[in-house]
Amino acid sequence: MQQTNNRFVKVYNNISEFSPVPDATVTIGTFDGVHKGHNKILNRLKEAAREMNGESVLLTFYPHPRMVLQPDVRVEMLNSQREKIKLLREAGIQHLIIHPFTIDFSRTESATFVRDILVNQIKTKKLVIGYDHHFGKNREGSFEYLRELAHVYEFEVEEISALDIDDVNVSSTKIRRALKAGKPKQAGEYLGYNYEVTGKVVEGKKLGRTLGFPTANIKPEADEKLIPANGVYAIKAHVNNQTRYGMLNIGEKPTVSNAHEITIEAHLFDFNEDLYGRDLTLSFLKRVRDEIKFESPEQLAQQLKADHEAVKAMLNLWVIKQL
């Protein structure tokens, strides 16, 4: 079990680690992105827990069910596991259970799931779910079915209405589309925070250094992490407990197998420290331009200078708007 300095925020890596708490108020879901729509559910969960003098519990799963059930299909996630934990902690959830999702677990009948997990293990007193929520084997469990079982096992169930969720006009699909279209600002408005990618700084070709623009090459911490559209972005970086601004290029390079590998290269302004082997978190602010193929290093150098000026001007405007 992982635990922050705040004793009311606890993370469990398996349902078996969780010990029942007074009047457990529970929600279930993947919560990828932890966006504004999810916050509608989380805020109601916390409110319901306070009304009952109970404690809030969120049950989620890892890996994402689609990764297990459709292993041949690439699933792109808005959050790495570490990012999701951080966001849910910040949301004020008191107990976060991350249960391993396996093929065997996917075969759990909905009635068994309610009896064995929600009732016997978590001791649920109230269940808060989003509208059109389904659970159990083949997603056979519905809200109507939950109401029947709630009567049998003596717990309450509350569904957040479609109107409440739709009011924020947000979905994980909309966020993914915005990022794939190179619109991180729009994605950030849906999320309620800037989209981020965290990864380790690895060795690159060091071409940028020879052109006067040294870059940190980032390997994302999670293979399933969604990478925004190729191009140049204005970014904010979190490194060594400092905040730095800079520009970022996402592009493709051909590999020996003729496949194309995505590279993520960040140039931080007025920063000269050695970052190899360190973790770097990048916040996407705005896209500056599309990816360009250059005929020579000289052309690239000219464009890097133009990008540098464009991003600095953009960041100056962005900082002024935050004041």
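Structural data are supplied above this passage.
All values derive from a computational prediction rather than experimental measurement.

Visitor: Sorry if this is basic, but what is going on with the packing of aromatic side chains here?
Guide: Each aromatic ring pair is described using two quantities: the centre-to-centre distance and the angle formed by the ring planes. Applying the stated criterion to the full structure yields seven aromatic pairs. An angle of 75° between the planes, with centres 6.4 Å apart, marks the rings of F105 and F113 as edge-to-face. The same class applies to F105 and to F113, which are both buried. Aromatic pair Y195 and F284: ring centres 6.3 Å apart, planes at 50°, arrangement tilted. With Y195 in the loop between α9 (184-191) and β8 (196-202) and F284 in strand β13 (residues 279-289), this pair connects stretches of sequence that are 89 residues apart. Here the aromatic residues F61, F101, F105 and F113 are joined through ring pairs into a cluster of three or more.

Visitor: What is the right way to look at the pairing of β8 in this model?
Guide: Two faces make up the sheet, and in a regular strand the side chains alternate between them. Here five bridges tie β8 to β13, and the two strands are oriented antiparallel to one another. Across the sheet, E196 pairs through a bridge with S283, a residue of β13. With four bridges joining them, β8 and strand β9 (residues 216-220) adopt antiparallel strand pairing. If you follow K200 over to β9, its bridge partner there is K219.

Visitor: It is not clear to me how the pattern of salt bridges should be interpreted in this structure. Could you clarify?
Guide: With the rule as written, the count across this model stands at 19 salt bridges. D104 is paired through a salt bridge with R107; the nearest N and O atoms lie 3.3 Å apart. Like R107, D104 is exposed. Of the charged contacts, one joins D279 and K200 as a salt bridge, the two residues approaching to 3.3 Å between their closest N and O atoms. On the criterion of sequence distance, the pair formed by D279 in strand β13 and K200 in strand β8 is long-range, its members being 79 residues apart. Assessed through its relative accessible area of 39%, K200 is described here as partly exposed. Residues participating in the shared-partner salt-bridge network are R44, E47, E51, K126, E156 and E158.

What counts, and at which threshold
- Residues numbered from 1 in each chain as written.
- Predicted model: local features only at pLDDT ≥ 70, side-chain atom pairs only at ≥ 80, totals over all residues.
- Heavy atoms only, no water.
- Phe/Tyr/Trp six-rings, centres within 6.5 Å; stacked < 30°, edge-to-face > 60°.
- Buried < 20%, exposed > 50% of the residue type's maximum accessible area, 1.4 Å probe, protein only.
- Helix = DSSP H or I, 4+ residues; strand = E, 2+ residues; numbered from the N terminus.
- Pairing = 2+ DSSP bridges.
- Salt bridge = Lys/Arg side-chain N within 4 Å of Asp/Glu carboxyl O.

No statement about biological role is implied by the geometric values presented.
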